[in-house]
Amino acid sequence: MGVRQVQSTMFTAIALAVAAMPAVAQQPADTMGGLTGLLEQSEAGKLRCPDGSTRPWKGEPTKNTLVINMACAVPAEEAERRAEAAAKAVAAKNLEAEQRAALRGDAGVVAALKASIATGSLDYLLSFRIVWFVLVVGGIGLIGAILGRLIRGGR
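Caption draft 1: Broad picture of the overall build of the protein. A count of helical and extended segments in the protein gives six helices and two strands. Within the protein, contacts between residues separated by at least 24 positions form 9% of all contacts whose residues are at least 6 apart in sequence. As displayed, the protein offers around 12300 Å² of accessible surface, 66% of which is attributable to carbon and sulfur atoms.

Caption draft 2: Structural context of the nonpolar core. Counting residues in hydrophobic clusters, the biggest one holds five residues: Ala102, Leu103, Ala112, Ala115 and Tyr124. Beyond its immediate chain neighbours, meaning those up to four positions away, Ala102 contacts Ala107, Ala111, Ala112, Ala115 and Tyr124.

Caption draft 3: Quick look at the confidence of the model for the protein. Residues at a pLDDT of 70 or more form 74% of the protein, whose mean pLDDT is 77. At the level of individual helices and strands, the protein shows its lowest average pLDDT in helix α2 (residues 38-41), which scores 46, and its highest in helix α6 (residues 129-152), which scores 93. The low-confidence segment residues 24-28 (pLDDT under 50) makes zero contacts with residues lying over four places distant or belonging to another chain. Low pLDDT (under 50) marks residues 30-36, which in the prediction has six contacts with non-local residues, meaning those over four places away or in another chain.

Caption draft 4: Focus on the side chain of Ser116. Here Ser116 lies in helix α5 (residues 109-119). Apart from the residues within four sequence positions on either side, Ser116 is in contact with Leu103, Ser121 and Tyr124.

Caption draft 5: Spatial organisation of the layout of surface pockets. What the largest pocket holds in volume is close to 240 Å³. Every residue lining the largest pocket is listed: Leu47, Arg55, Pro56, Trp57, Lys58, Met70, Ala71, Val74, Ala79, Ala83 and Ala86. Mapped by element, the contributors of at least two residues to the lining of the largest pocket are β2 (54-56), α3 (65-71) and α4 (76-104). Looking at the lining of the largest pocket, the element that brings in the most residues is α4, giving three residues.

Caption draft 6: Seen up close, the packing of α4 against α5. Across the interface, α4 lies against α5 with an axial gap of 8 Å and an inter-helix angle of 115°. In this structure, α4 crosses over α5, and the sense of that crossing is left-handed. On the side of α4, the interface is formed by Gln99, Ala102 and Leu103, while α5 contributes Ala111, Ala112, Ala115, Ser116, Ala118 and Thr119. Partitioned by chemical class, the residues of the contact of α4 with α5 number six nonpolar, three polar and no charged.

Calculation notes
- Residues numbered from 1 in each chain as written.
- Predicted model: local features only at pLDDT ≥ 70, side-chain atom pairs only at ≥ 80, totals over all residues.
- Heavy atoms only, no water.
- Helix = DSSP H or I, 4+ residues; strand = E, 2+ residues; numbered from the N terminus.
- Contact = heavy atoms within 4.5 Å.
- Areas by Shrake-Rupley, 256 points an atom, 1.4 Å probe, with all protein chains shown as cover.
- Core = buried A, V, L, I, M, F, W, Y, C linked by side-chain atoms within 4.5 Å.
- Buried < 20%, exposed > 50% of the residue type's maximum accessible area, 1.4 Å probe, protein only.
- pLDDT = per-residue confidence, 0-100.
- 1 Å grid on protein atoms, 1.4 Å probe; cavity = no way out; pocket = protein on both sides within 12 Å on 5 of 7 lines; lining within 4 Å.
- Points joined across faces, edges and corners; volume = space filled by probe spheres on them.
- Axes fitted to C-alpha atoms, helices over the stretch in contact; angles between N-to-C directions.
- Left-handed = near helix turned anticlockwise from the far one by under 90°.
- Nonpolar A, V, L, I, M, F, W, Y, C, P; charged D, E, K, R; others polar.

Structure follows, in structure tokens:
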């Protein structure tokens, strides 16, 4: 038997095995004896725990018992507190990212000026050459005024 015949035989066996697999995969894994699984009892945006309580759930509906058990491992109040703390941290991080983008000039002039005022940073204004020109000319004028006073005797 040649290598080509072995390969074609192997591919045929694999194709037949794969064709038989969907019938096994379609059977529900989380049901026992006609009992409904946890997912069927859950509502949209909620996850029903084995103890009967429901938790907020933002992910895709799942039948994975490990995921359900991990989500239900802490009391509902603790889970809600953790979710609130995470939401606050994400909001603060997003605000910081928005301010950095505005100071880089990626969000428009009004947003950049608001971010400059909120952060006290001059990064946005100093990104313009005209501002540097005004600062240099003003600095030269200030130095000239100071030297003029010193030369005239402080009058």
